[in-house]
Structures are given as structure tokens and as C-alpha cells.
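So you can see what is in the structure, the chains are spelled out below.
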Amino acid sequence: MSYKKGKEIYDGKAKKLFDVVGHPELLWQEFKDSLTAFNAQKRGSFEQKGALNREISALLYEELESKGVTTHRVMEIPPTAIVTKKLDMVKLEVVVRNILAGSTAKKFGIEEGKPLEAPLVEFYYKDDALADPFVSDDQALMLKTVRSKAELDELRSFGLKVNEVLKSTMERAGIDLVDFKIEVGRDADRRLYLADEISPDCCRLWDKVTGQKMDKDRFRRDLGGVEEAYREVCVRLKSTLKKGSV
Ligand code: ADP
Ligand code: TMP
Ligand code: ASP
């Protein structure tokens with residue numbers, strides 16, 4: 001099966017979306033080299049970033065699929081594109097934390113690096129104009145991001161399942177999975193799929209031995225070595241998952 005890229009329908013912060021000719025049920029997603037933070041107030045880029053994130057995402061999606069997580073993937077188009085199902089996206093970002101860091105550490109005045117007794121799941125309302133605010137379960141229902149409390153529980157379980165697989169994969173690659181954000185969507189039968197991407201853009205990854213950050217915090221916090229960190233994550237995952245280029 002081969003697919004043909006159609007017209008551009010969306011130019012986002014990290015990806016461009018295109019139609020797929022003759023397939024209204026699909027999307028062609030092109031990973032860009034751009035890098036943004038703080039709701040795009042800070043912008044940067046590096047060559048190969050799109051290709052690295054596409055490849056890291058592909059490796060992790062393949063592992064997740066093998067462990068029973070359904071994803072939007074239809075076909076990888078290396079180096080920078082992927083054809084996916086076109087989904088009705090849930091207007092929530094699902095964040096799962098294993099170690100306290102980032103906004104939740106700041107919010108409660110707790111030093112970054114505190115391991116949590118159990119993973120913490122949080123929902124954020126996906127709205128750039130509002131800077132993706134945290135929402136309680138009742139607020140998520142009020143905003144009609146889900147139809148019922150049961151759907152929120154489904155999202156919570158989905159996030160925890162993804163965490164279980166990613167945490168153990170990263171562990172094998174010598175990396176602590178501190179936290180991550182996923183996006184999910186539904187098909188016409190309301191089946192839930194993992195969508196968007198899983199990459200160092202949307203995870204916190206700390207080297208198990210040195211504690212070095214290997215994710216977008218290097219860019220957010222001006223730590224340097226952003227490209228090297230993304231490349232190292234890719235190399236380690238390829239070797240852990242025993243793959244060449246995906
Ligand atoms: P942003 O929209 O925040 O700038 P991106 O540049 O990554 O982020 O753009 C990708 C967009 O595509 C996001 O809005 C994401 O929610 C959406 N998306 C990802 N996967 C799918 C999918 N399978 N179906 C529909 N939309 C998707
Ligand atoms: P936070 O600590 O800033 O809330 O971030 C939690 C996780 O979510 C972290 O791994 C980074 C990721 N994230 C995104 O992918 N997109 C975002 O817009 C934000 C704020 C965080
Ligand atoms: N995802 C947001 C942005 O790209 C915020 C962040 O990751 O810090 O601007």
C-alpha cells in the first residue's frame with residue numbers, strides 16, 4: 001500500500017498535517033525541526049529534530065502496540081512522516097508522573113526529583129489560548145471533553161497502561177521516565193487510540209546514572225546539548241529494542 005500526501009490542513013508547533021489523497025479517514029503527519037516551549041513563547045530548532053522525534057515515536061509506538069496499546073499509526077514514512085488514522089481528538093492532555101518535577105513540583109513547592117509512591121495522573125484542557133490549564137474531573141465533565149465519569153476513568157487507565165510500558169522500556173535503556181504527556185482520540189465507534197507523538201518533546205527523561213536531562217527541558221531551561229540528548233535517546237531505544245531504522 002502506498003499513500004500520497006494531499007493538501008496541507010494544519011501547521012502546528014511541532015508537526016504539519018496533510019490530507020491523504022483518496023483517504024478522508026487518514027492524516028499525513030510531518031514532524032518539523034522546530035522546537036517550542038511555554039506555549040510557543042520560546043522558539044528554536046535543530047536539523048534532524050523532526051526525523052529523530054518521528055523515529056523515537058515509532059520505536060515507542062511499536063513497543064506499546066506489542067503490549068496491547070492501540071495507536072493511531074497506519075504507516076511510517078521515514079524520515080519525517082507518518083500516516084495515521086484521523087481521529088476525533090479528546091480535548092484533554094493526559095499527564096502521568098512517576099517522579100515529581102515541572103509544574104506540579106513548582107505548584108506545591110516540592111523540590112524536583114521526589115519519587116512518587118504511585119503514578120500521578122493529571123488532566124489539562126487542550127487549549128493554546130488558555131495555555132492548557134489543569135482541570136479537575138468535574139471541570140473536564142463541565143467542559144464536555146468527555147461524556148461521562150467512566151470515560152475519564154478510561155483515560156486514566158489508558159495513561160497508566162502507557163506509563164507501565166514506557167517506564168519499563170526506558171528503564172531498560174538506562175533512563176528514568178519522570179513524567180510524560182499523551183494525547184488520545186476516538187474513531188467513529190468511539191474506540192480510544194493513542195495519538196500525536198511520544199518523544200523527548202513531551203516526556204521528562206533523566207539518565208539513570210548521571211541524572212542528566214535528556215528531553216525538552218534542556219531547551220526550556222537553556223541547558224545546551226538538546227540535539228545530543230534527543231539523539232542519545234534514539235540510539236539507546238534502538239539498541240534496547242534491537243532495531244535498525246524504523
Ligand atoms: P500543536 O497543535 O500543539 O501545535 P503539533 O504541531 O504537534 O501540536 O500538531 C499536531 C496536531 O495534530 C495536534 O493538534 C494534535 O492534537 C493533532 N493530532 C495528532 N494526532 C492526531 C490524529 N490521529 N487525528 C487528529 N488529530 C491529531
Ligand atoms: P509540566 O510539568 O510542565 O506540567 O509537564 C508535564 C509533562 O508534560 C512533561 O513531560 C512535559 C509535557 N508537556 C507537554 O508535552 N506539553 C506541554 O504543553 C506541557 C506544559 C508539558
Ligand atoms: N508544548 C508547549 C509548546 O510547545 C509547551 C512546552 O512544551 O513547554 O510551546
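Up top is the structure these notes are about.
Residues numbered from 1 in each chain as written. Chains lettered and ligands numbered in written order. Predicted model: local features only at pLDDT ≥ 70, side-chain atom pairs only at ≥ 80, totals over all residues. Heavy atoms only, no water.

## A word on unusual backbone geometry
And then number 1: Looking along the chain, the bond that leaves proline 78 and enters proline 79 is cis, with omega of 5 degrees.
And then number 2: Within the secondary structure, proline 79 sits in the loop between strand E6 (73-77) and strand E7 (81-85).
And then number 3: Phi is positive for alanine 40, close to 65 degrees, though the residue is something other than glycine.
And then number 4: The topology assignment puts alanine 40 in the loop between strand E4 (34-37) and strand E5 (42-45).
And then number 5: Note on alanine 40: relative accessible area 17%, which makes it buried. (Helix = DSSP H or I, 4+ residues; strand = E, 2+ residues; numbered from the N terminus. Buried < 20%, exposed > 50% of the residue type's maximum accessible area, 1.4 Å probe, protein only.)

## As for the site of ligand 2
And then number 1: Neighbouring ligand 2 are 15 residues, the closest being Arg97, Ser103, Asp179, Lys181 and Arg204.
And then number 2: In this structure, an oxygen atom belonging to ligand 2 sits 2.6 Å away from a side-chain N or O atom of serine 103.
And then number 3: In isolation ligand 2 offers 450 Å² of accessible surface; the protein chains occlude 76% of this area.
And then number 4: Elements with a minimum of two residues in the shell around ligand 2: strand E8 (88-100), helix H2 (102-107), strand E11 (175-186) and strand E13 (203-207).
And then number 5: With three residues, E11 is the largest single contributor of residues to the shell around ligand 2.
And then number 6: By residue class, the composition of the shell around ligand 2 is six nonpolar, two polar and seven charged. (Near = heavy atom within 4 Å. Polar contact = N/O pair within 3.5 Å; in protein donor to acceptor, adjacent residues only side chain to side chain. Areas by Shrake-Rupley, 256 points an atom, 1.4 Å probe, with all protein chains shown as cover. Nonpolar A, V, L, I, M, F, W, Y, C, P; charged D, E, K, R; others polar.)

## Observations concerning the site of ligand 3
And then number 1: Inspection of the region around ligand 3 gives Lys13, Thr36, Ala37, Phe38, Asn39, Ala40, Lys216 and Arg220 as its neighbouring residues.
And then number 2: Measuring from an oxygen atom of ligand 3, one finds a side-chain N or O atom of threonine 36 at 2.4 Å.
And then number 3: Alanine 40 places a polar main-chain atom, nitrogen or oxygen, 2.7 Å from an oxygen atom of ligand 3.
And then number 4: Coverage of ligand 3 by the protein amounts to 73% of the 270 Å² it exposes when considered alone.
And then number 5: Classifying every residue of the shell around ligand 3 gives three nonpolar, two polar and three charged.

## Some words on helix H4 (residues 149-172)
And then number 1: Taking 1.5 Å per residue, 24 residues should reach 34 Å; H4 reaches 35 Å between its end C-alpha atoms and fits that length.
And then number 2: All of the buried residues along H4 are Glu151, Leu152, Leu155, Phe158, Gly159, Val162, Asn163, Val165, Leu166, Thr169 and Met170.
And then number 3: Positive backbone phi, at 75 degrees, marks glycine 174, one or two positions downstream of H4. (Expected span 1.5 Å × (residues − 1).)

## A look at the side chain of arginine 218
And then number 1: With respect to the helices and strands, arginine 218 occurs in helix H5 (residues 217-220).
And then number 2: Lacking a salt bridge, the buried arginine 218 has glutamate 228 as its closest oppositely charged neighbour, with an N-O distance of 6.9 Å.
And then number 3: Those residues in contact with arginine 218 that sit more than four places away from it in its chain are Gln212, Lys213, Leu223, Gly224, Gly225, Val226 and Ala229. (Lys, Arg positive; Asp, Glu negative; His and termini not counted. Salt bridge = Lys/Arg side-chain N within 4 Å of Asp/Glu carboxyl O. Contact = heavy atoms within 4.5 Å.)

## Here we look at the pairing of E11
And then number 1: Most of E11 sits inside the fold, with eleven of its twelve residues counted as buried.
And then number 2: Relative to E11, E8 runs antiparallel, the two being bridged by seven bridges. The residue of E11 that forms the bridge with arginine 97 is aspartate 179.
And then number 3: Direction of pairing for E11 relative to E13: antiparallel, over a ladder of five bridges. Looking at the pairing, leucine 177 lines up with leucine 205 of E13. (Pairing = 2+ DSSP bridges.)

## Description of the packing of helix H1 (residues 49-66) against helix H6 (residues 226-240)
And then number 1: As a packed pair, H1 and H6 sit with axes 10 Å apart at the nearest point and diverge in direction by 30 degrees. Between H1 and H6, the angle is such that the two are roughly parallel. Of the two elements, H1 crosses H6, and the hand of that crossing is left-handed. Of the residues in H6, those in contact with Lys49, Leu52, Asn53, Glu55, Ile56, Leu59 and Leu60 of H1 are Tyr230, Arg231, Val233, Cys234, Leu237 and Lys238.
And then number 2: Tallied by class, the residues present in the contact of H1 with H6 amount to eight nonpolar, one polar and four charged. (Axes fitted to C-alpha atoms, helices over the stretch in contact; angles between N-to-C directions. Parallel < 35°, antiparallel > 145°, perpendicular 65-115°, else oblique. Left-handed = near helix turned anticlockwise from the far one by under 90°.)

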